[in-house]
Amino acid sequence: MAKRLSLSEIDQALAALPGWKLDGKFIVKKYRFREFMSGVAFVTKIAELSEEKNHHPFIAIDYKLVTLRLTSWNAGGLTDLDVALAEVYDEIYEKI
């Protein structure tokens, strides 16, 4: 099981993750797309990676806006896995 991050570790991680915000036990980011189907394509890539890593974000699709929320239930909060996946999700977004 991954180790839960301290508040200072979370603050440090968020400083390196533009657009990600702390919301309780979650980190959250909204991604905006020019077309609805681009957002759906993004979600498909996120879903495939999440299945591979067996770590799944909450995903909301609101037309051209996709919101991701990450936490680690088993650890009772945020872990390094959440931070690592947030970085990869941002990389996927940049490619779409």
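Structure shown above.
Residues numbered from 1 in each chain as written. Predicted model: local features only at pLDDT ≥ 70, side-chain atom pairs only at ≥ 80, totals over all residues. Heavy atoms only, no water.

### Side note on the packing of aromatic side chains
Cut-off, in case you're wondering: Side-chain rings of Phe, Tyr and Trp (the six-membered ring for Trp) are treated as a pair once their centres are within 6.5 Å; stacked means planes under 30 degrees apart, edge-to-face means over 60, and tilted covers the remaining angles. For the purposes of this entry, the term helix denotes a DSSP run of H or I that reaches at least four residues, the term strand denotes a run of E that reaches at least two, and both are numbered from the N terminus.
The tally for this structure, following the rule as stated, stands at 10 aromatic pairs. Here Phe-26 and Phe-58 contribute two aromatic rings whose centre-to-centre distance is 5.6 Å and whose plane-to-plane angle is 80 degrees, an arrangement assigned as edge-to-face. One end of the pair, Phe-26, is in strand β2 (residues 26-32); the other, Phe-58, is in strand β3 (residues 58-62), and 32 residues separate them in sequence. Judged by centre distance (5.9 Å) and plane angle (80 degrees), the ring pair of Phe-42 and Tyr-93 falls under edge-to-face.

### Some remarks on the nonpolar core
Where a protein is soluble and globular, its nonpolar side chains tend to be buried together. Quick note on the threshold: What we call a nonpolar core is a set of buried Ala, Val, Leu, Ile, Met, Phe, Trp, Tyr and Cys residues that are connected through their side-chain atoms within 4.5 Å. Each residue is assigned to one of three classes by its accessible area relative to the maximum for its type, calculated with a 1.4 Å probe on protein chains only: buried under 20%, partly exposed between the two thresholds, exposed over 50%. We call two residues contacting when some pair of their heavy atoms lies within 4.5 Å.
Residues Trp-20, Ile-27, Tyr-31, Phe-42, Leu-68 and Tyr-89 are the most contacted members of the largest nonpolar core, which totals 22 residues. For this core, the elements supplying multiple residues, two or more each, are α1 (7-15), β2, α2 (36-53), β4 (65-70) and α3 (80-95). With 5 residues, α3 is the largest single contributor of residues to this core. When residues no more than four places from it in sequence are discounted, the contact partners of Tyr-31 are Trp-20, Phe-42, Lys-64, Leu-65, Val-66, Leu-68, Ala-86, Tyr-89, Asp-90 and Tyr-93.

### A few points about the side chain of Thr-67
What counts here: Counted as a polar contact is a pair of N or O atoms within 3.5 Å, where, for protein atoms, one must be capable of donating a hydrogen and the other of accepting one, and residues adjacent in sequence contribute only when both atoms are in side chains.
Note that Thr-67 resides in strand β4. In terms of polar contacts, Thr-67 uses its side chain to reach the side chain of Lys-30, at 3.4 Å. In this structure Thr-67 touches Val-28, Lys-29, Lys-30, Phe-58, Ile-59 and Ala-60, once residues within four positions along its chain are discounted.

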